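Commentary on secondary and tertiary structure
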Amino acid sequence: MKKALLEFCWSYVDDRTARLKKQGDELQESLGSETKSSAGDKHETGRAMVQLEQEKLGQQVQELSATRSILNKINIDSPSNKIRLGSLVKTSIADYFIAISAGAFKHNNREVYCISANAPIARLLLGKEKGACFIFNGKEHSILGVD
């Protein structure tokens, strides 16, 4: 199951990478067409808008690089009783895979939320073991399993 979850996270990152590359190509094309456009204030405003979008895209690419780095650190083969990066955690609320924020993974009528180690629920879980209890959103929950 953890292998499938990790593959799901990598697929999420690869899809996002492809979308960002496509956006970058489209922005580059827009910048080229702005150059051929009419001169004056309209032209300068158009170029500035495209350049702002390119800067935003650059930040997203950097964030994606950091996300890839996190995924590269995950070792699903070394077992641990304590919840850490790469742990699959079953709680009385839901099931979580501590990795990156990639949404819900559905497999055989089971739903596992892929969450970042910085997510509020993950911060409560990290370092705990099976049987531990924690309070989230004012309610007490327990850890039923750690893989």
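Residues numbered from 1 in each chain as written. Predicted model: local features only at pLDDT ≥ 70, side-chain atom pairs only at ≥ 80, totals over all residues. Heavy atoms only, no water.

1. What about the pattern of salt bridges?
Going by this rule: Here, a salt bridge means any side-chain nitrogen of Lys or Arg that lies within 4 Å of a carboxyl oxygen of Asp or Glu. Going along the chain from the N terminus, every DSSP run of H or I of four or more residues is numbered as a helix, and every run of E of two or more is numbered as a strand. Partly exposed residues are those whose accessible area sits between 20% and 50% of the maximum for their type, while under 20% is buried and over 50% is exposed, using a 1.4 Å probe and protein chains only.
Counted according to the given criterion, the structure contains five salt bridges. Salt-bridge contacts for R68 lead to D14; the nearest nitrogen and oxygen are separated by 3.1 Å. Within this pair, whereas R68 is found in helix 2 (residues 41–73), its partner D14 is found in helix 1 (residues 2–36), the two being separated by 54 residues in sequence. Taking relative accessible area as the criterion, D14 reaches 40% and is therefore assigned partly exposed. Measuring nitrogen to oxygen at the nearest pair gives 3.5 Å for the salt bridge that ties E111 to K106. In this structure E111 comes out as partly exposed when scored by relative accessible area, which is 31%. Residue classification places K106 among the exposed residues on the basis of a relative accessible area of 63%.

2. Notes on the environment of S116
To keep things clear, this is the line we draw: Note on contacts: a residue pair qualifies if any of its non-hydrogen atoms lie within 4.5 Å across the two residues.
With respect to the element layout, S116 can be found in strand 4 (residues 110–116). It is 8.5 Å that separates the C-alpha atoms of S116 and F97, two residues lying 19 residues apart in sequence. Those residues in contact with S116 that sit more than four places away from it in its chain are A99, I100, S101 and A122.

3. Comments concerning the pairing of strand 3 (residues 103–107)
As a reminder of what qualifies: Pairing between strands is defined by DSSP: at least two bridges between the two strands are required.
Alignment of strand 3 against strand 4, held across five bridges, turns out to be antiparallel. From the neighbouring strand, K106 faces strand 4, where its bridge partner is E111. Linking strand 3 to strand 4, which pair antiparallel, is a turn of two residues; within it N108 sits at a positive phi near 50 degrees.

4. Quick look at the nonpolar core
Where we set the bar: Here, the term nonpolar core denotes a set of buried Ala, Val, Leu, Ile, Met, Phe, Trp, Tyr and Cys residues that are joined through side-chain atoms within 4.5 Å.
Residues L5, C9, L71, F97, A99, I100 and C114 are the most contacted members of the largest nonpolar core, which totals 17 residues. Every element with two or more residues in this core is listed here: helix 1, helix 2, strand 2 (95–99) and strand 4. The element contributing the most residues to this core is helix 1, with five residues. Setting aside anything within four residues of it in sequence, one finds F97 in contact with K2, L5, L6, C9, I76, G86, S87, L88, V112, Y113, C114 and I115. If you look at the next biggest cluster of nonpolar residues, it comprises 12 residues, including V89, I98, A122 and F134.

5. Regarding the environment of V146
Structurally, V146 is set in strand 6 (residues 139–146). Judged by relative accessible area, which is 22%, V146 ranks as partly exposed. Sequence separation between V146 and I83 is 63 residues, and the spatial gap between their C-alpha atoms is 6.7 Å. Every residue in contact with V146, bar those within four places of it in the chain, is listed here: S80, N81, K82, I83, S87, L88, E129 and K130.

6. Let's talk about the side chain of K2
Keep this limit in mind: Counted charges follow a simple rule, with Lys and Arg positive, Asp and Glu negative, and His plus the chain ends left uncounted.
For K2, the position within the fold is in helix 1. Look at K2: it is buried, it has no salt bridge, and the nearest opposite charge is D147 at 4.6 Å. Leave out the neighbours within four places in its chain, and K2 touches I76, G86, L88, F97 and D147.

7. A word on the packing of aromatic side chains
Heads up, the condition is: Pairing of aromatic rings covers Phe, Tyr and Trp, the last through its six-membered ring, and needs centres within 6.5 Å; plane angles under 30 degrees mean stacked, over 60 mean edge-to-face, and all others mean tilted.
All chains considered together, the criterion is met by two aromatic pairs. Relative to Y113, the ring of Y96 has its centre 6.2 Å away and its plane inclined at 40 degrees; by these criteria the two rings are tilted. You can see Y96 sitting in strand 2 and its partner Y113 sitting in strand 4, a full 17 residues away along the chain.

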